[in-house]
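A closer look at the structure
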Amino acid sequence: MKQVEIFTDGACSGNPGPGGWAALLRFGEVEKVISGGEHNTTNNRMELRGAIEGLTALKTPCIVTLYTDSQYVQKGMTEWMAGWQKKAFKGVKNPDLWQALLVAAAQHRVDWQWVRGHNGHAENERVDEAARLAAVPFGYPA
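Residues numbered from 1 in each chain as written. Predicted model: local features only at pLDDT ≥ 70, side-chain atom pairs only at ≥ 80, totals over all residues. Heavy atoms only, no water.

**Observations regarding the packing of aromatic side chains**
The tally for this structure, following the rule as stated, stands at four aromatic pairs. Ring centres 5.1 Å apart and planes at 70° place the aromatic pair Tyr72 and Trp98 in the edge-to-face group. Separated by 26 residues along the polypeptide, Tyr72 in helix α2 (residues 71-86) and Trp98 in helix α3 (residues 95-106) bring together distant segments of the chain. Comparing Tyr72 with Trp98, the two get one shared label, buried. Among the aromatic residues, ring-to-ring pairing joins Tyr72, Trp80, Trp84 and Trp98 into one connected group. (Phe/Tyr/Trp six-rings, centres within 6.5 Å; stacked < 30°, edge-to-face > 60°. Helix = DSSP H or I, 4+ residues; strand = E, 2+ residues; numbered from the N terminus. Buried < 20%, exposed > 50% of the residue type's maximum accessible area, 1.4 Å probe, protein only.)

Written out as C-alpha cells, the structure reads:
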C-alpha cells in the first residue's frame, strides 16, 4: 500500500458563518491541494470536511498519516468514536460528517496526528490559508 500524508484544516468566519476546508495530499514528492467552502457552516464542520475530502481523494487503499490542528477531529476518531457508535451517535454534533469520515477512512490505515495550529507548522499554515481562501466566495472576509 502507498504511504500518503494528508494535512487538513477548516476555517469559519463566525460560528456559524461562511467557511472553507482544505487538504494537502502528499505522496513522495507529489503534492495536491484540494479545497472547498460553504455559505453557512461551523468551524468543526469544516475541519471534518477537510479530513473527509482528503481521504476521499485517495483512489486506492493507503497507509495514511493525517495531520489536523483540530483536537475535535483527532480525538473524535481516536478516543470518542467507539462510545459514539455504541450510542448510535445519539447526542453527538455533526453525526452526518462523523459517519462520512468513518466511511472515508474505512479503506485506509489512518494514523490521526494532531499539530498545534498557527504555530509555524509549514503544511498546517498552507492548508489554513487554502481553507480561508476557499471560504472567500462564500462571504469569508478577504
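**As for the pattern of salt bridges**
Enumeration according to the criterion identifies seven salt bridges in this entry. As a salt-bridge pair, Glu53 and Arg49 come within 3.3 Å of each other at their nearest N and O atoms. Here Glu53 and its partner Arg49 are both found in helix α1 (residues 43-56), four residues apart, which amounts to about one turn of the helix. Assessed through its relative accessible area of 24%, Glu53 is described here as partly exposed. Counted as one network, the salt bridges with shared partners bring together Glu5, Arg26, Glu31, Glu123 and Arg126. (Salt bridge = Lys/Arg side-chain N within 4 Å of Asp/Glu carboxyl O.)

No statement about biological role is implied by the geometric values presented.
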